[in-house]
Amino acid sequence: MVQGMDSAADVAARLGTTGYLADEELATVVFLASRMQRPLLLEGEPGTGKTALAEALAQSIDVPLVRLQCYEGIDASQALYDWDFPRQILHLRALEAAGQVDSDEAEKSLYDERFLLARPVLAALRQAPAVLLVDEVDRADDEFEAFLLEVLSTWQVTIPEFGTVTAPEPPLVVLTSNRTRELHDALKRRCLYHWIDHPGLEREVEIVRSRAPEVSEALARQVVGLVQELRTRDDLLKPPGVAETLDWARALTYLGSAELDLASAAATLGALMKYREDADRVKAALDRMLAR
Amino acid sequence: MTPDRGADEVLLGFTRALRAAGVAVTQDRAHGFLAAVAAVGADDRQATYWAGRATLCGSPDDLARYDQVFAAWFDPHDGLPRARPREASRPATAHLLPDAEGAGGAGADDEDVVRAAASAAEVLQHRDVASLDAAERRRLAGMFARLALRPPVRRTSRHQRWHRGEVDAPRTLRRSLRHLGEPADIAWRRRGTRPRRVVLLLDVSGSMSAYADALLRLAHRLTQSARAGGGTVDTFTIGTRLTHVTRALRSRDADRAIVAAGEVVPDWSGGTRLGETLRVFLDRWGQRGMARGAVVVVFSDGWERGDAELLGEQMARLQRIAHRVVWVNPHRGKAGYEPLQGGVVAALPHCDDFLAGHSLATFADLTEVISRA
């Protein structure tokens, strides 16, 4: 158990000091994840702060964050460890040139610490206590999920010729998924599940004030109000998330607008809408929304 | 007067109620729930609620059901958990074995019967499904088992060992390690293949009601044979609503699967709002990943009550996301058919294939087209 997390309120307070505003449910789930030593599976729309949570968590309890970005085709050697073959071959050549021909000694020196490339999962085990972020696990495939499940259950890695590496304290694992694919039941059962939704009006204003303090209160309120209204529309291909709200607010501040007006909003719309059709629809609706 | 119940009993009873409501709660999840409640304290109702959400749910659909069952179970006015009546399972009717399959009989009489029955089966294959009577439908149902789908494949980013192709650098280096760094024989690899997803969208509105049973059987058969080949087939029905019937079609017995699907779909023989339901499909499932790189087959006659322009837009969107879009129209095989309805005209430019789908033979052609996609 990572020390310092005594209760859900404690978790929320610690996350608050780093600027990440977590609601009570998220704080409870994080507390349970650390107490029960189970991984935390975060699902939600893109841009709702899943990766940001892992970063804030690592910062709040002052442990290193180890990040494993999943992609299609990732396998155990990319996630766990690999041997640095070219260096090993050079080492052998060097021994040969120096005239040391004791084959047993040479072989033993080959599988040394310095030739081991510790990829994220092994690095997290060795740097325990740590926070291991497995980002976008839905992009990987079934075989990788099976490998991940095995590692998450036993927290022990056996490297042939090297030995067994165990963590004195298992890292806190956060898995994020954008739900482009249904994860395997076995992996889901192992984890604690949490769905992150878009925040409400007041909460989002607090987030903007906390993350982007250079944005004025009035501008923040206007921006958040507009974004909340856009999210209720059902004809947008990609409703904007909290990340887009922050980008837009910052963009408007850099342009020097203290308040939202049509010209600056239309100019900075690229920070908010990522599809051309969405941008067109929003431009058409902007003047109606701003007139209120 | 409430009887004295242990806290664990109440919590486990809640997990059972949740399972009855349709959330997949297994033993280890239930144990996890108990451990989590012990960690946060069982007296805190809100914390128990969150602990349950974290340990018992696995997707956003589960969350909605969880909320309902939690409210009903832990109602503060009534401490007793309510018993839910178990639904009696409906018996599935077993379908008759087709009597014409060649039985290798002895004697000229039997041979004649077999030959005549075989040609009758062939004729049945090419007849329009809507024009069959009940006995012929039953025979046709037995013949669906002959359809087999080889799932379409695509290349993956994973490599596999092979004796030709591109150089496998890590393995080659590793082999040279054995020879103290001298270059040894080269190891090769190639990109692997995996099955592509297939998505079926069945129109079950009034104009397609004659074909509904045959289409469901086809979908069931495609699901089963694709599973045998390692692929996945997802099935939805479209009409006035979009319904996900993949789970219902998973059972191996065709009749049971059809009955299960019939229970799930609420809008049989209703109106047709293709454009809207297609948009719902793309927003909820397709855009996220189910239709990406998949072979999508739409079974419909294109009678669109809603906005044909919307249908055209959504089909354009689908074509951009999916690997191949196939439109199957039961009327296409008929002589003198021309695509004149607004719905079909709007959708056709965005389809890669436009096929007929009225008889078993055309269904067999369809499976060929899907396999080769």
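What comes next is a walk through the structure.

Scoring rules and cut-offs
- Residues numbered from 1 in each chain as written.
- Chains lettered and ligands numbered in written order.
- Predicted model: local features only at pLDDT ≥ 70, side-chain atom pairs only at ≥ 80, totals over all residues.
- Heavy atoms only, no water.
- Helix = DSSP H or I, 4+ residues; strand = E, 2+ residues; numbered from the N terminus.
- Buried < 20%, exposed > 50% of the residue type's maximum accessible area, 1.4 Å probe, protein only.
- Contact = heavy atoms within 4.5 Å.
- Areas by Shrake-Rupley, 256 points an atom, 1.4 Å probe, with all protein chains shown as cover.
- Rg over C-alpha atoms; globule rule 2.2 N^0.38 Å.
- Lys, Arg positive; Asp, Glu negative; His and termini not counted.
- Charge placed at Lys NZ, Arg CZ, Asp CG, Glu CD.
- Core = buried A, V, L, I, M, F, W, Y, C linked by side-chain atoms within 4.5 Å.
- Phe/Tyr/Trp six-rings, centres within 6.5 Å; stacked < 30°, edge-to-face > 60°.
- Salt bridge = Lys/Arg side-chain N within 4 Å of Asp/Glu carboxyl O.
- Buried area = accessible area lost by both parts, 1.4 Å probe.
- Polar contact = N/O pair within 3.5 Å; in protein donor to acceptor, adjacent residues only side chain to side chain.
- Pairing = 2+ DSSP bridges.
- Axes fitted to C-alpha atoms, helices over the stretch in contact; angles between N-to-C directions.

A few words on the overall build of chain B. Across its full length, chain B carries 13 helices and nine strands. When the 373 residues of chain B are sorted by exposure, 46% land in the buried category. When contacts within chain B are restricted to residue pairs at least 6 apart in sequence, those whose partners lie at least 24 apart make up 72%. When the accessible surface of chain B is totalled, it reaches about 19,400 Å², and 51% of it is carbon and sulfur.

Across its full length, chain A holds 14 helices and nine strands. Over its C-alpha trace chain A gives a radius of gyration of 24 Å, far above what one expects of a compact globule, namely 19 Å for 292 residues. Projected onto its principal axes, the C-alpha positions of chain A cover 85 × 45 × 35 Å. Scored against the burial criterion, the 292 residues of chain A give a buried share of 51%. Intrachain contacts of chain A at a sequence separation of at least 6 include 74% that bridge at least 24 residues. Counting every atom, chain A has about 12,900 Å² of accessible surface; 50% of that belongs to carbon and sulfur. Once the 31 positive and 49 negative side-chain charges of chain A are each reduced to a mean point, those two points are 3 Å apart.

Looking now at the nonpolar core. Soluble globular proteins tend to bury their nonpolar side chains together. Within the largest apolar cluster, 98 residues are counted, with the highest numbers of intra-cluster contacts made by Val134(A), Phe144(A) and Phe14(B). If one sorts the elements of this core by residue count, helix α2 (residues 24–36) of chain A sits on top with eight residues. Excluding anything up to four places from it in sequence, Phe14(B) contacts Phe33(B), Leu56(B), Tyr66(B), Val69(B), Phe70(B), Trp73(B) and Phe74(B).

Along the chain, Asp75(A) turns up in the loop between β2 (65–69) and α4 (76–79). On a C-alpha basis, the gap between Asp75(A) and Glu143(A) in space is 7.9 Å, while along the polypeptide they are 68 residues apart. Sequence-distant contacts of Asp75(A), that is, excluding residues within four places in its chain, are made with Phe144(A) and Arg158(B).

Turning our eyes to something else, we now look at the packing of aromatic side chains. For any pair of aromatic rings, the description consists of the separation of the ring centres together with the inter-plane angle of the planes. For the coordinates displayed, the defined rule picks out 16 aromatic pairs over all chains. Judged by centre distance (5.6 Å) and plane angle (45°), the ring pair of Phe144(A) and Phe147(A) falls under tilted. Placement of both Phe144(A) and Phe147(A) in helix α8 (residues 142–154) is noted, with a separation of three residues, approximately one turn of the helix. For Phe144(A), a relative accessible area of 1% corresponds to the buried category. Here the aromatic rings of Phe70(B) and Phe74(B) are separated by 4.8 Å at their centres, their planes lie at 45°, and the arrangement is tilted.

Turning our eyes to something else, we now look at the pattern of salt bridges. All names here are of chain A. In total, this model carries 41 salt bridges over all chains according to the counting rule given. Across the pair Glu55 and Arg67 runs a salt bridge, and its minimum N-O distance is 3.7 Å. Placement of Glu55 in helix α3 (residues 50–60) and of Arg67 in strand β2 is noted, with a sequence separation of twelve residues between them. Ionic pairing is found between Glu182 and Arg179, a salt bridge with its closest N-O pair at 2.4 Å. What you see here is one network of salt bridges that share partners, running through Glu43, Arg179, Glu182 and Lys188.

With that settled, consider the interface of chain B and chain A. Counting from both sides, the interface comprises 38 residues of chain B and, opposite them, 38 residues of chain A. Around 3,500 Å² of area is buried between chain B and chain A when both sides are counted, 55% of it from carbon and sulfur atoms. The largest contributions to the chain B side of the interface with chain A come from Trp50(B), Arg158(B) and Arg288(B), which together make up 22% of the buried area. The tally of links from chain B across to chain A stands at six salt bridges. For Arg194(B), the salt bridge identified is with Asp141(A), shortest N-O distance 3.8 Å. On inspection of chain B and its partner chain A, the count reaches ten residue pairs in polar contact (both at pLDDT 80 or more).

A word on unusual backbone geometry. For Asp62(A), which is not glycine, the phi dihedral falls at a positive 60°. Its location among the elements puts Asp62(A) in the loop between α3 and β2.

Bringing the environment of Ala123(A) into the picture now. Relative to the elements of secondary structure, Ala123(A) occurs in helix α7 (residues 120–126). Sequence separation of Ala123(A) and Lys238(A) is 115 residues, and the distance between their C-alpha atoms is 36 Å.

Residue and element names in this part refer to chain B. Overall, mixed pairing links the six strands, which are arranged β6-β5-β4-β7-β8-β9 in an open sheet. A single partner strand is all that each edge strand has here, and the edge strands are β6 (242–244) and β9 (353–356). On average, each strand axis in the sheet is tilted by 20° relative to the strand beside it, whichever way the strands run. Alignment of strand β5 (residues 233–238) against β6, held across three bridges, turns out to be antiparallel. Its bridge partner lying in β6, Phe236 is registered against His244. Seen against the sheet, helix α10 (residues 274–290) touches β4 (198–203), β5, β6 and β8 (324–329) and runs at an angle of roughly 155° to β5.

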